[in-house]
Amino acid sequence: MHAANLLGLDRGAMESLFEGMGHKPFHARQVLKWIHKHGVTDFEQMTDLSKRLRAQLLAETVVVAPRIIAEQPSADGTRKWVLELDCGNRIESVLIPDGERTTLCVSTQAGCALECSFCSTARQGFNRNLSTAEIVGQVWVATRTLETPLTNVVMMGMGEPLANMEALLPALSIIQDDLAYGLSKYRVTVSTAGIVPALKRLREASDVSLAVSLHAANNPLRDELVPINRKYPLEELIPACRDFIANDKRRKITWEYVMLDGVNDSDQHARELIRLLEGTPSKMNLIPFNPFPGAGYRPSPPERIEAFRQRLMKSGIISITRKTRGDDIDAACGQLVGKIADRSRRVGLREAVA
Ligand code: SAH
């Protein structure tokens, strides 16, 4: 039998495990704290557990975080970790300090199957889903190096979080658990290209914040930039997003919109966007395009981005231009490229989201 990796068990799962081992479920609380709050992975140091439980944990479970291959600091304070999951699968997570806030950008898949035309992760194809332990492991690794607490987690690294729901949901529950990282629903954000059925499931299972990679306000253009749109077009996506926040008047959807020169950045595009989002509580993140070799797109000039932003602001949509962070270490949006061992396993879009 495969030893359970305790890093990937949320409170409920750990309680069941301990009960199955003949112990009281409340020990889960102690172990969660040891692992996530204190960073202790050696059972011998978990001094409030009985000898018998410690011996059993040692025999039947493990606590294994992804291995750090490289840690790169950027000139602007951003830090990127390259983590090895198994022979050949590497992922990246990025830490972004910004004043009082320290945000970790976490990967949910090795590679990505969605084939968004402007994203470099897409170019390497999809290799596999991360496990809950591998998702939480990124938070665990980052937390160990921090002097100040981690304040925000965004699922905006490599991969499409909503194509990996089985691992994502328990990971969110650990990240939000007071005994682990204790981040509130406003401080945990899942970003998606728009897998509508999974969005509905997420809404039922979790109360995290939602960011949606929109990038275009009409179907023909979005079909091209974000091909998953062919399966879940705007007329399905937008109502699903509205539903997601319907029960909480304080909530807004965060939209991500990459600014591509001459592609989606005209005044006409801004007008279309305003019309599309009418009636949906929204916050707009304009992302300057981060170019990479062979991308085939150019970033919109800063004046164009600002004019676009002003138009949205005038219509009442709070809009900010996202600072490009960590681009000297290829840690900026859409620049994460882990090393994938076997590209022959690259699967097509339809297969991966089926
Ligand atoms: N799959 C998820 C999360 C990962 S991408 C999603 O699509 O939301 C995180 C954000 O970076 C997305 O909004 C994505 O569209 C954007 N992005 C991808 N490539 C980019 C690039 N080259 N420049 C700027 N932003 C990019």
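Residues numbered from 1 in each chain as written. Predicted model: local features only at pLDDT ≥ 70, side-chain atom pairs only at ≥ 80, totals over all residues. Heavy atoms only, no water.

K.L.:
Go over the state of the cysteines with me, naming the residues and quoting the values.
P.N.:
Under the criterion given, the structure shown has zero disulfides. Left without a disulfide partner, C112 is nearest to the cysteine sulfur of C116, which lies 6.5 Å away. C112 gets classed as buried once you look at its relative accessible area, which sits at 12%. (Disulfide = S-S within 2.5 Å. Buried < 20%, exposed > 50% of the residue type's maximum accessible area, 1.4 Å probe, protein only.)

K.L.:
Help me get a handle on the domain arrangement of the protein, residues and values and all.
P.N.:
When the domains of the protein are assigned, the result is domain 1 (4-62) and domain 2 (67-352). With centres defined by C-alpha atoms, the gap from domain 1 to domain 2 works out at 33 Å. Between domain 1 and domain 2, the residue contacts involve 15 residues of the former and 14 residues of the latter. Interface of domain 1 and domain 2: buried area, both sides summed, is about 1200 Å²; carbon and sulfur atoms make up 60% of it. Of all residues in domain 1, L7, D10 and H36 bury the most surface against domain 2, accounting for 41% of the area lost on that side. Across the domain 1-domain 2 interface, the total number found is one salt bridge. For the salt bridge of D177 with R11, the shortest nitrogen-to-oxygen distance reads 2.7 Å. Connecting domain 1 to domain 2 are seven residue pairs in polar contact (both at pLDDT 80 or more). Among the elements that make up the side of domain 1 that touches domain 2, the one with the highest residue count is helix α2 (residues 27-37) (six residues). Tallied by class, residues from the side of domain 1 that touches domain 2 come to four nonpolar, six polar and five charged. (Domains from an automatic or database assignment. Contact = heavy atoms within 4.5 Å. Buried area = accessible area lost by both parts, 1.4 Å probe. Salt bridge = Lys/Arg side-chain N within 4 Å of Asp/Glu carboxyl O. Polar contact = N/O pair within 3.5 Å; in protein donor to acceptor, adjacent residues only side chain to side chain. Helix = DSSP H or I, 4+ residues; strand = E, 2+ residues; numbered from the N terminus. Nonpolar A, V, L, I, M, F, W, Y, C, P; charged D, E, K, R; others polar.)

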